[in-house]
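Read off the chains here:
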Amino acid sequence: MKKFIAFSLAVVFIILFSISYSFASSSQSTNKLAVLFIIDRTGIEELKKYDLPNIKWLMEHGSLALMNTRTAGSYSEPASYLTIGTGTRAAVGDMGGLCFNKSEAYAYTSAENLYRLYTGKEVGENDIVNIGIQDLISQASNLNYTVTPGLLAQILKDHGIKVYVFGNGDIKTPYGTSYNRYVALIGMDKEGLAKGDVSESLLIRDENSPYMTKANYKKLYENFLNTSKEGGLIIIDPGDTLRADSFSKYTTPSLANHYKEKALKSADELIGKILNHIDLSKDLFIVLSPYPSTSDISKNNLITPVIVAGPSFSKGFATSDTTKRKGIVTNLDIAPTILRYFDITPPVEMLGHPLKTIPGSNALNGLIKEDEMIVSVHNARTPVLKGYASIFIILLILYIGLFLMKKEYLNYISPLLLGVVTVPLTFLILPLFGALDLYSNIIAILLITVAVDFIVMLFSKEDLDRVMIISLITALALLVDLVLHSPLMKNSLLGYDVISGARYYGIGNEYMGVLIGSLIMGTSLLIEKYPKKIVKTITIIAFIIAFSLMVLPQFGAKVGAFITAFMAFGTVVLMIFGVKITKKQLILMFILMTVLLTIMFIVSIFWNTTTHMAQTTLIVKAEGINSLVQIFARKLQMELKLMKYTIWSWVLAISIVALFVVSYKPTGMLQEAFKNHKYIYAGFFGSIVGMLFALGFNDAGIVAAATMCIYAIPSILLLLLKNRN
């Protein structure tokens, strides 16, 4: 009996201890506090321009970065907020941004009644309703990837962590009210409901402020104090920076500057009060601007500042595995950062990654310079690349015309073709000159190209030798740059565009085509000149190095490059060793490539990599094979769109026409040239194989295929000129 009693007491003790431990652990988790403070429509230069002691203190003790604010669909302010709350690029329709306290009147009844009318659901104990939640869900369903409006707050809610939203950016004019309660799009759950306050009670009349309206900072602070005791996530958006920016179109530049300074200083004071109440050794504090200012948008500067301070964040630059770039993050990274802080693993649906610190000093000045460079690249990229592609097209058409009618003038084309081959190298050199405006970029490109070609022409008299030298130098420069993690490519006009946000690391489609094309034609021309075993061996080693730098996880693991380079390089290697390429050889190579690629996908499941390949693998693992179909559909849709609108499709088309013309006029001339220059033919045929696989297996394959043409087509045209002479 005594043993039974003792055993029973022991069991009761263990149960009570487990309950108390569980309660303590839960309490410890829920007592964690994260604050997300919004200073909307603020640029990084304004953080330096104005006297903002608390924000500057945060920058000195936390991590600073520039944030890509791209969304799905058309670029809009509510979509920027919603994207932060989903961790995936989201879209907002006409009603999706309408958030109100449930008791507020809108149209002909209360917001609560409208919410019930639209959704058929009850509001319950929540304070805030998004009456357009069905619009958000509808917008998400139109995207070919998974988006869940309210995902961040829903996950926190499911883990027992409270989320509060406070802020109102409304603009009142004689013509009505513009409702700007977008902060609720970050803090609502998937039903469109939230706790907190976004009503007019957070505003006070101030005749010296834009629209005679100012945030009630006292009430915002009181709301923070009342809710911070319970821990959780508190999101605050005073709205004054938005109102000041919107009002700038009605007033003088000096007054607009004054109102913006006033709004930021008021926000800074509130930040200071909050900082005095929290402990950054355990609490998380994030300050960011979801959307750029009107002035920045007019300059195509669509990146905004973000500051993050708290445990695991120190003085320096913020980064994430989304970008793998110092001081560059995306709006997709905010939700995963908050979840990770609360010890919650972000779902694979969230395409961003938690922020982390790269220690450093003088982050503000460094990122202001980085901002200038990013905007310079973004503004010059499209016109310069269109101009370059247009010149290439014109030269091809001119060559065809002269080839058919005035062959004696073809020699005048050769220096211009050499210039076309040199320009990708010029684009890689250009970032060394810093941020330039459009016209300075054009002048610099012309001067660098002429200088490089002049030096090469001094050392070589043969056109094909000159192409060989330029191609090999270009390939070598790209390989070295990739080994150094792309310091030049990141800021090249043919590299990445941080504002567009298509790619931040690894090799992009433009330079993928350049590297494969220049290396194949450069080495093929070299073997043609020096057909020795050692040269062929060096070529194989160069192919292996280039392939590795394009596909290894630490350098980006680009799937399209894996497929394209394997098939293109493999074809050239077989041909330079005398193997005749037939359909059978191509099929066998493709099967081998597929096996190796499958192994890489399997390895990425077990290795903790954060590449695009690994992200795709995790999505397929979590959401099933249908997600892979969606990814392929999205890539195909992008490819078709590019084929229709990009000038690179014209480069490819005119290149094909040029080859067709020189193949049949006169008959047998091209075949004879290939017969006498079998290694050049190997390079050309390998390039064609690469172009076909680039088109078939890359989401912007038309670009990669076209940039491969830059080396293959001029080489063949110059070969024909040589044979004619």
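Residues numbered from 1 in each chain as written. Predicted model: local features only at pLDDT ≥ 70, side-chain atom pairs only at ≥ 80, totals over all residues. Heavy atoms only, no water.

1. Things to note about the overall build of the chain
Part 1 of the argument: Each helix and strand in the chain was counted, giving 27 helices and 18 strands.
Part 2 of the argument: Burial status across the chain gives 57% buried among its 725 residues.
Part 3 of the argument: Within the chain, contacts between residues at least 6 apart in sequence are counted, and of these 75% link residues at least 24 apart.
Part 4 of the argument: Within the structure as shown, the chain displays about 31,200 Å² of accessible surface, and the carbon and sulfur contribution to it stands at 63%. (Helix = DSSP H or I, 4+ residues; strand = E, 2+ residues; numbered from the N terminus. Buried < 20%, exposed > 50% of the residue type's maximum accessible area, 1.4 Å probe, protein only. Contact = heavy atoms within 4.5 Å. Areas by Shrake-Rupley, 256 points an atom, 1.4 Å probe, with all protein chains shown as cover.)

2. Quick notes on the environment of S486
Part 1 of the argument: Following the sequence through the fold, S486 ends up in the loop between α17 (463–483) and α18 (509–529).
Part 2 of the argument: For the pair S486 and Y505, spaced 19 residues apart in sequence, the C-alpha to C-alpha distance is 7.7 Å.
Part 3 of the argument: Those residues in contact with S486 that lie beyond four places of it in its chain are D481, Y496 and G506.

3. A look at the pairing of strand β2 (residues 63–68)
Part 1 of the argument: Within β2, six of the six residues are buried, which leaves it mostly tucked inside the rest of the structure.
Part 2 of the argument: What you see with β2 is no split at all: S63, A65 and M67 on one side and L64, L66 and N68 on the other are buried throughout.
Part 3 of the argument: Strand direction decides the pairing type here: β2 and strand β15 (residues 303–309), joined by six bridges, are antiparallel. Residue pairing in the sheet places S63 in a bridge with V308 of β15.
Part 4 of the argument: As paired strands, β2 and strand β16 (residues 316–319) are joined by two bridges and run parallel to one another. (Pairing = 2+ DSSP bridges.)

4. Brief notes about the packing of aromatic side chains
Part 1 of the argument: Following the criterion strictly, the structure yields 22 aromatic pairs and no others.
Part 2 of the argument: On the numbers, 5.1 Å between centres and 75° between planes, the contact of Y211 with F247 is edge-to-face. With Y211 in the loop between β11 (203–205) and β12 (213–215) and F247 in helix α10 (residues 240–247), this residue pair connects regions lying 36 residues apart in the sequence. Judged on exposure class, the residue Y211 and its partner F247 are both buried.
Part 3 of the argument: Ring-pair connections join several aromatic residues into one group, and the members of that group are Y211, F247, Y250 and Y259.
Part 4 of the argument: Over the ring of Y341 we find K32, and its NZ or CZ is 5.0 Å from the ring centre.
Part 5 of the argument: Lying across the ring of F577, K536 places its NZ or CZ 5.6 Å from the centre. (Phe/Tyr/Trp six-rings, centres within 6.5 Å; stacked < 30°, edge-to-face > 60°. Lys NZ or Arg CZ within 6 Å of the ring centre and 35° of its normal.)

5. Observations regarding the pattern of salt bridges
Part 1 of the argument: All chains considered together, the criterion is met by 22 salt bridges.
Part 2 of the argument: With its nearest N and O atoms 3.1 Å apart, the salt bridge here joins R181 to E104. Of this pair, R181 sits in the loop between β9 (176–178) and α8 (184–187) while E104 is found in the loop between β3 (99–101) and β4 (105–106), placing the two residues 77 residues apart along the sequence.
Part 3 of the argument: Its relative accessible area of 1% is what places R181 among the buried residues.
Part 4 of the argument: The class of E104 is buried, set by a relative accessible area of 14%. (Salt bridge = Lys/Arg side-chain N within 4 Å of Asp/Glu carboxyl O.)

6. Notes on unusual backbone geometry
Part 1 of the argument: The residue A107 is not glycine, and still its phi comes out positive at about 60°.
Part 2 of the argument: Take A107: it is sitting in the loop between β4 and β5 (109–110).

7. So, a nonpolar patch on the surface
Part 1 of the argument: On the surface, a nonpolar cluster with roughly 600 Å² of combined accessible area is contributed by I587, L588, I591, L592, V595, L596 and I599.
Part 2 of the argument: Here I599 is to be found in helix α21 (residues 583–606).
Part 3 of the argument: Taking the relative accessible area as the measure of exposure, I599 reaches 44% and is therefore partly exposed. (Patch = residues over 30% accessible without salt bridge, like charges linked within 9 Å, V, L, I, M, F, W, Y side chains within 5 Å.)

8. Some thoughts on the environment of P431
Part 1 of the argument: Here P431 lies in the loop between α15 (414–429) and α16 (438–459).
Part 2 of the argument: Spatially, the C-alpha atoms of P431 and L488 are 6.2 Å apart, while their sequence positions differ by 57 residues.

9. Some points on the packing of helix α3 (residues 53–61) against helix α11 (residues 253–277)
Part 1 of the argument: The geometry of α3 relative to α11 is characterised by a closest axis approach of 7 Å and an angle of 55° between their N-to-C directions. Taken together, α3 and α11 sit at an angle that is classed as oblique. The residues of α11 that touch α3, namely those facing P53, N54, I55, W57 and L58, are D268, E269, I271, G272 and L275. (Axes fitted to C-alpha atoms, helices over the stretch in contact; angles between N-to-C directions. Parallel < 35°, antiparallel > 145°, perpendicular 65-115°, else oblique.)

10. Some words on the confidence of the model for the chain
Part 1 of the argument: In this model, the chain carries a mean pLDDT of 88, and residues with pLDDT of at least 70 account for 88%.
Part 2 of the argument: Counting interchain partners and residues more than four positions distant, the pLDDT-below-50 stretch residues 1–29 has one contact. (pLDDT = per-residue confidence, 0-100.)

11. Describing the side chain of D240
Part 1 of the argument: Along the polypeptide, D240 turns up in helix α10.
Part 2 of the argument: On the basis of relative accessible area, D240 is assigned to the buried category, the value being 7%.
Part 3 of the argument: Among the polar contacts made by the side chain of D240, one reaches the side chain of Y217 at a distance of 2.7 Å.
Part 4 of the argument: If we ignore the near neighbours within four places in the chain, the residues touching D240 are T213, K214, A215, Y217 and A263. (Polar contact = N/O pair within 3.5 Å; in protein donor to acceptor, adjacent residues only side chain to side chain.)

12. Structural notes on the pairing of strand β14 (residues 284–288)
Part 1 of the argument: For β14, the buried fraction is high: five of the five residues fall into the buried class.
Part 2 of the argument: Burial along β14 is two-sided: L284, I286 and L288 facing one way and F285 and V287 facing the other are all buried.
Part 3 of the argument: Alignment of strand β1 (residues 33–38) against β14, held across five bridges, turns out to be parallel. Within β14, the residue paired with A34 across the bridge is L284.
Part 4 of the argument: Judged from the four bridges that link them, β14 and β15 form a sheet pairing that is antiparallel. Bridge assignment links I286 to a residue of β15, and that residue is V308.

13. Describing α15
Part 1 of the argument: Here α15 contains 16 residues, and its C-alpha end-to-end distance of 23 Å stays within 8% of the 22 Å for a straight helix at 1.5 Å per residue.
Part 2 of the argument: The principal kink in α15, of about 35°, is found at V423, preceding the proline P424 by one to four residues.
Part 3 of the argument: Counted residue by residue, α15 has 13 buried out of 16 residues, so it is predominantly covered. (Expected span 1.5 Å × (residues − 1). Bend = angle between axes of the 7 residues up to and from the residue.)

14. Details of the packing of helix α19 (residues 533–551) against helix α20 (residues 559–576)
Part 1 of the argument: At a closest axis distance of 10 Å, the pairing of α19 and α20 adopts a crossing angle of 175°. Considering their axes alone, α19 and α20 lie roughly antiparallel with respect to each other. Between α19 and α20, the contacting residues are K536, I540, F543, A546, F547, M550 and V551 on the first element and A561, F562, A565, F566, F569, V572, V573 and I576 on the second.
Part 2 of the argument: Here the contact of α19 with α20 is built from residues that sort into 14 nonpolar, no polar and one charged. (Nonpolar A, V, L, I, M, F, W, Y, C, P; charged D, E, K, R; others polar.)

15. Thoughts on helix α26 (residues 678–697)
Part 1 of the argument: Taking 1.5 Å as the rise per residue, α26 with 20 residues should run 28 Å; its terminal C-alpha atoms sit 28 Å apart, in good agreement.
Part 2 of the argument: Here α26 has its buried residues at Y679, I680, A682, G683, F684, G686, S687, V689, G690, M691, F693 and A694.

16. Overview of the environment of A705
Part 1 of the argument: For A705, the position within the fold is in helix α27 (residues 701–724).
Part 2 of the argument: The buried category is assigned to A705, whose relative accessible area is 0%.
Part 3 of the argument: Residues A705 and G690 lie 15 residues apart in sequence; the distance between their C-alpha atoms is 7.4 Å.
Part 4 of the argument: Sequence-distant contacts of A705, that is, excluding residues within four places in its chain, are made with L652, M691, A694 and L695.

17. Here's the deal with the nonpolar core
Part 1 of the argument: Counting 117 residues, the largest nonpolar core has Y399, F427, M550 and F569 as the members making the most contacts within it.
Part 2 of the argument: One finds F100, V123, L136 and L156 within the second-largest nonpolar core, a separate group that totals 65 residues. (Core = buried A, V, L, I, M, F, W, Y, C linked by side-chain atoms within 4.5 Å.)

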